[in-house]
Amino acid sequence: MDLDKIKKAIIDMDDGAVKTLVETALKEKISAQEILQNSLIAGMKEVGRLFSEQVYFVPEVLLASEAFYIGFNIISPLIKPQQGKSKAKVVMCVIEGDIHDIGKNIVKVMIEAAGYEVIDLGRNVAVKRIVDAVEKEKPDVLAMSSLMTTTMMSMTEVIKELDKMGLRKNLKIIVGGAPLNQEFCDQIGADGYGCDAQEAVQLIEELIK
Ligand code: B12
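From a predicted model like this one, the values you see are computed outputs, not experimental measurements.

S.K.: Looking at this structure, I do not really get the environment of K128. What am I missing?
M.R.: Relative to the assigned elements, K128 resides in helix α6 (residues 127-137). C-alpha of K128 to C-alpha of V158: the two residues are 30 residues apart in sequence and 7.8 Å apart in space.

If you want it as structure tokens, here you go:
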């Protein structure tokens, strides 16, 4: 099956077509990973482009996101967490003020598939809740996501607070999301920046070895 059809169904905000096409692709033995990369993520990237060019507005983006999740919820259980002992513990979240969670959820599935335990705090998570979770769970890695220039500065507050409380000794902090880059990562004193889910996994592998 041509995966562009699923991509197009997301852009067309067509939930029904996304469901049928994803199921057909799986029956044809196309892997869940390939469907995720080449149709679902590709579809959302195009939606982002249409939004920035003001062809789409918030309602269309919302409907396209719902269509994305129809497909994502079918394939994500198939990208199975590795069995056995977890390689390390990761606490994940989308920062306060930000409800964009598509990217975070993709990163989460890929991190779990690579054999890590993920504690997902969800989206729009207050600084204090993140710091409390680090104190309680003692993760090896804190992974923060932000999709907006207006919210990404909260990451600085989290890092300052963790420093202040002496909680960074055995903790690596990684950050990501469309408006971020390596420069921002260095500026706020995080340990690593990744531009997609594959890089997120590579970063964790490198940082905790
Ligand atoms: C979908 C979307 C929405 C959906 C979100 C649905 C959902 N459940 O997530 C809805 C319609 C709800 C929405 C709402 C809004 N949105 Co919006 N949205 C988008 C859009 C089009 C796509 C985002 C997306 O899902 N991309 C696809 C995924 C796969 O990519 P990703 O998120 O970047 O994630 C990848 C990487 O970044 C990376 N990654 C992500 N997180 C992490 C974390 C770590 C640790 C690592 C290593 C890597 C990593 O890996 C991911 C997988 O490859 C973007 C445009 C864009 N270009 O990003 C605008 C965008 C983010 N939205 C924007 C805005 C302004 C809004 C609203 C304020 C609009 C409004 N007027 O109401 C609200 C904000 C609500 C809020 N408080 O958060 C702006 C933000 C501008 C800014 N200030 O920076 C953008 C950039 C659009 C634009 N060009 O103006 N939005």
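Having seen the structure, we can now continue with the description.
S.K.: What is the right way to read the site of the ligand from this model?
M.R.: For the ligand, the set of nearby residues contains 38 residues, the closest of which are G48, G103, S145, G176 and G194. Contributing elements (two or more residues each) for the shell around the ligand: α3 (32-52), α4 (58-75), α5 (102-113), β3 (141-145), β4 (172-176) and α9 (197-208). If you tally residues by element for the shell around the ligand, the top one is α3, at six residues. When the residues that make up the shell around the ligand are grouped by side-chain class, the tally is 21 nonpolar, twelve polar and five charged.

S.K.: Help me out: how do you make sense of unusual backbone geometry in this one?
M.R.: Of note, the phi angle at M13 is positive, near 60°, even though the residue is not glycine. With respect to the helices and strands, M13 occurs in the loop between α1 (4-11) and α2 (15-27). On the neighbour-count criterion, M13 (20 C-beta atoms within 10 Å) is buried. We note that N124 has phi near 50°; this positive angle belongs to a residue other than glycine. Inspection of the secondary structure puts N124 in the loop between β2 (117-120) and α6. A tally of 16 C-beta atoms within 10 Å means that N124 is categorised as partly exposed.

S.K.: Would you mind showing me how to read the sheet that holds strand β1 (residues 89-94) here?
M.R.: Pairing between the strands of a sheet is mediated by backbone hydrogen bonds and can be parallel or antiparallel. Spatially, β2-β1-β3-β4-β5 is the arrangement adopted by the five strands of the open sheet, whose pairing is parallel. Looking at strand neighbours, the two that pair on one side only are β2 and β5 (192-193), the edges of this open sheet. Where β1 meets β2, four bridges bridge the pair, whose relative direction is parallel. When the bridges of β2 are listed, K89 appears paired with E117.

S.K.: Help me understand the domain arrangement of the protein in this model?
M.R.: Where interface size is given, it is often the accessible area lost as the parts come together that is meant. Domain assignment breaks the protein into domain 1 (4-78) and domain 2 (89-208). If you average the C-alpha positions of domain 1 and of domain 2, the two centres end up 25 Å apart. The partner domain 2 presents four residues to the seven residues of domain 1 that form the contact. Sorting the residues of the side of domain 1 that touches domain 2 by element identifies α3 and α4 as the ones contributing at least two each. In terms of residue class, the side of domain 1 that touches domain 2 is made up of five nonpolar, two polar and no charged.

S.K.: Would you explain the pairing of β3 in this entry?
M.R.: Where burial is concerned, most of β3 is hidden: five out of the five residues are buried. Residues V141, A143 and S145 point to one face of β3 and L142 and M144 to the other, with burial holding for every one of them. Note: β1 against β3, five bridges, orientation parallel. The residue of β3 that forms the bridge with M92 is A143. In the sheet, β3 pairs with β4 via five bridges, with the strands oriented parallel. Paired with A143 across the two strands is I174, which belongs to β4. The β-α-β motif built from β3, the intervening helix α7 (residues 154-164) and the parallel element β4 has right-handed crossover chirality.

Calculation rules
Residues numbered from 1 in each chain as written. Predicted model: local features only at pLDDT ≥ 70, side-chain atom pairs only at ≥ 80, totals over all residues. Helix = DSSP H or I, 4+ residues; strand = E, 2+ residues; numbered from the N terminus. Near = placed C-beta within 6 Å. Nonpolar A, V, L, I, M, F, W, Y, C, P; charged D, E, K, R; others polar. Buried ≥ 20, exposed ≤ 12 C-beta atoms within 10 Å, placed from the backbone. Pairing = 2+ DSSP bridges. Domains from an automatic or database assignment. Contact = placed C-beta atoms within 7 Å. Right-handed = clockwise from strand over helix to strand, strands pointing away.

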